[in-house]
2 protein chains.
Amino acid sequence: MAENLKLSNQLCFPIYALAKEVTNLYRPILTELDLTYPQYLVLLVLWEKDDLKVSEIGERLSLDSGTLTPLLKRLEQKQIIERKRDSDDERVVKIKLTSKGARLKENAECVPGKIMESFDISPENIGAIKKGITDVLTQITSKK
Amino acid sequence: MAENLKLSNQLCFPIYALAKEVTNLYRPILTELDLTYPQYLVLLVLWEKDDLKVSEIGERLSLDSGTLTPLLKRLEQKQIIERKRDSDDERVVKIKLTSKGARLKENAECVPGKIMESFDISPENIGAIKKGITDVLTQITSKK
DNA sequence: AAAGAATATATTGCGCACAATATAATTGCG
DNA sequence: CGCAATTATATTGTGCGCAATATATTCTTT
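Okay, so let's go over this structure.

What counts and what doesn't
- Residues numbered from 1 in each chain as written.
- Chains lettered and ligands numbered in written order.
- Predicted model: local features only at pLDDT ≥ 70, side-chain atom pairs only at ≥ 80, totals over all residues.
- Heavy atoms only, no water.
- Phe/Tyr/Trp six-rings, centres within 6.5 Å; stacked < 30°, edge-to-face > 60°.
- Helix = DSSP H or I, 4+ residues; strand = E, 2+ residues; numbered from the N terminus.
- Buried < 20%, exposed > 50% of the residue type's maximum accessible area, 1.4 Å probe, protein only.
- Least-squares fit on C-alpha atoms with pLDDT ≥ 70 in both.
- Contact = heavy atoms within 4.5 Å.
- Near = heavy atom within 4 Å.
- Polar contact = N/O pair within 3.5 Å; in protein donor to acceptor, adjacent residues only side chain to side chain.
- Nonpolar A, V, L, I, M, F, W, Y, C, P; charged D, E, K, R; others polar.

### Topic: the packing of aromatic side chains
Stage number 1. Tallying each qualifying case throughout the model produces 10 aromatic pairs over all chains.
Stage number 2. When the ring of Tyr26 of chain A is compared with that of Tyr37 of chain A, the centres are 4.5 Å apart and the planes differ by 40°; the resulting orientation is tilted. Here Tyr26 of chain A, found in helix α1 (residues 12–31), pairs with Tyr37 of chain A, found in helix α2 (residues 37–48); they are 11 residues apart in sequence, far enough to count as distant. Each member of the pair, Tyr26 of chain A together with Tyr37 of chain A, is buried.
Stage number 3. Ring geometry for Tyr37 of chain B against Tyr40 of chain B: centres 6.2 Å apart, planes inclined by 35°, an arrangement best described as tilted. Here Tyr37 of chain B pairs with Tyr40 of chain B, and both are found in helix α2 (residues 37–48), just 3 residues apart, close to one helical turn. Residues Tyr37 of chain B and Tyr40 of chain B agree in their burial class; the two are buried.

This is the structure in structure tokens:
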């Protein structure tokens, strides 16, 4: 068998598999907060800086409007955010946390810790792995 | 702002983002073969060992029947595989490559090379990154 | 000021990914 | 043997993720 087509020789399959495992790791924890992992990511962005355009959230997370629009509408339905057209530029939709959305942050404080418990690795090793991953990531994305 | 909720301090976000970038990298290449990345993964498994149960493919790729059944039906429609109930145990569906599916392998030989061109990293570094990722992966999955 | 280009978001359609449930076949136990 | 438990796949429903396209607004150029 051609070596290059063996699953065990693939680099990308572990990346794909790990990403799935990671979101599975978050699932039970985030379900308690009635959130999905992508919704949680959007909130991480908003907790850091509120009142953003859809496109600004998209840039941060590499997600387009086809993904974000329905996701944001679901967050709106849960009254975690507000979507409002910008009066200065009616093309723009600004996303603002509601008070409920802002308060949710306190409940989310414990999430990273719970996740890290599953990673039974030293902080240094985590740093090294993260560096490896982000290096590959910046390389791929810079190539476009 | 609480440091632990900063996006830039997350380990899992780069993993999530990298997995998306990777499938985006495969997309134009696999589109030429009329395949998606998960379909390609199924074929990697079958090219290595043919005539597998749905569950055996699922174990290999960590995918359940909810994902695989429709995916395999699409591969069947493209006449790349055959789905047939096992006569010994009618609960089991065996997946076999068609001659077209077997021939597709030749056209796929070039895929890993094209992908690796996008990773402008030395083989040693790729190996190290892969090790880091698979280590985390086995750790998480062994914890269940 | 009007027409056309550019921009921002929304919509549609398709294919995963996974939980929950359903269906059908097989096995095991009394 | 007969029936409950188990096993294997299928179905349903929800939520991404992304390409392609649509719609609406703003900017540009003349």
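There's more to say after this.
### Details of the relation of the copies chain A and chain B
Stage number 1. Between chain A and chain B, the superposition needs a rotation of 180° and an axial shift of 0.0 Å, giving an RMSD of 0.0 Å. The superposition of one copy onto the other is thereby described by a two-fold rotation axis. Within chain A, Ala19 of chain A has its C-alpha nearest the rotation axis, a separation of 3.1 Å.
Stage number 2. Comparing interface residues between copies, 98% of those in chain A also lie at the interface in chain B; the contact surface is shared.

### A closer look at the environment of Lys105 of chain B
Stage number 1. Mapping Lys105 of chain B onto the fold places it in helix α5 (residues 99–108).
Stage number 2. Owing to a relative accessible area of 15%, Lys105 of chain B belongs among the buried residues under this scheme.

### Regarding the protein's contact with DNA strand C
Stage number 1. Around DNA strand C, the structure places 30 residues, and the nearest of them are Tyr16, Thr69, Lys73 and Arg83 of chain A together with Thr36 of chain B.
Stage number 2. When atoms of DNA strand C within 4 Å of the protein are sorted by moiety, sugar and phosphate together comprise 77%.
Stage number 3. The side chain of Asn24 of chain A places a nitrogen or oxygen atom 3.1 Å from a phosphate oxygen of DNA strand C.
Stage number 4. In this structure, a phosphate oxygen belonging to DNA strand C sits 3.2 Å away from a main-chain N or O atom of Glu90 of chain B.
Stage number 5. Going through the elements one at a time, α1, α3 (54–61), α4 (65–77) and β2 (81–85) of chain A together with α2 and α4 (65–77) of chain B are the ones with two or more residues in the surface near DNA strand C.
Stage number 6. Taken together, the residues of the surface near DNA strand C sort by class into 7 nonpolar, 10 polar and 13 charged.

### Considering the protein's contact with DNA strand D
Residues and elements named next belong to chain B.
Stage number 1. If you check the shell around DNA strand D, you find 30 residues, and the closest are Tyr16, Ser65, Thr69, Lys73 and Arg83.
Stage number 2. Between a base oxygen of DNA strand D and a side-chain N or O atom of Arg91, the distance comes to 2.9 Å.
Stage number 3. Partitioning the surface near DNA strand D into residue classes produces 7 nonpolar, 10 polar and 13 charged.

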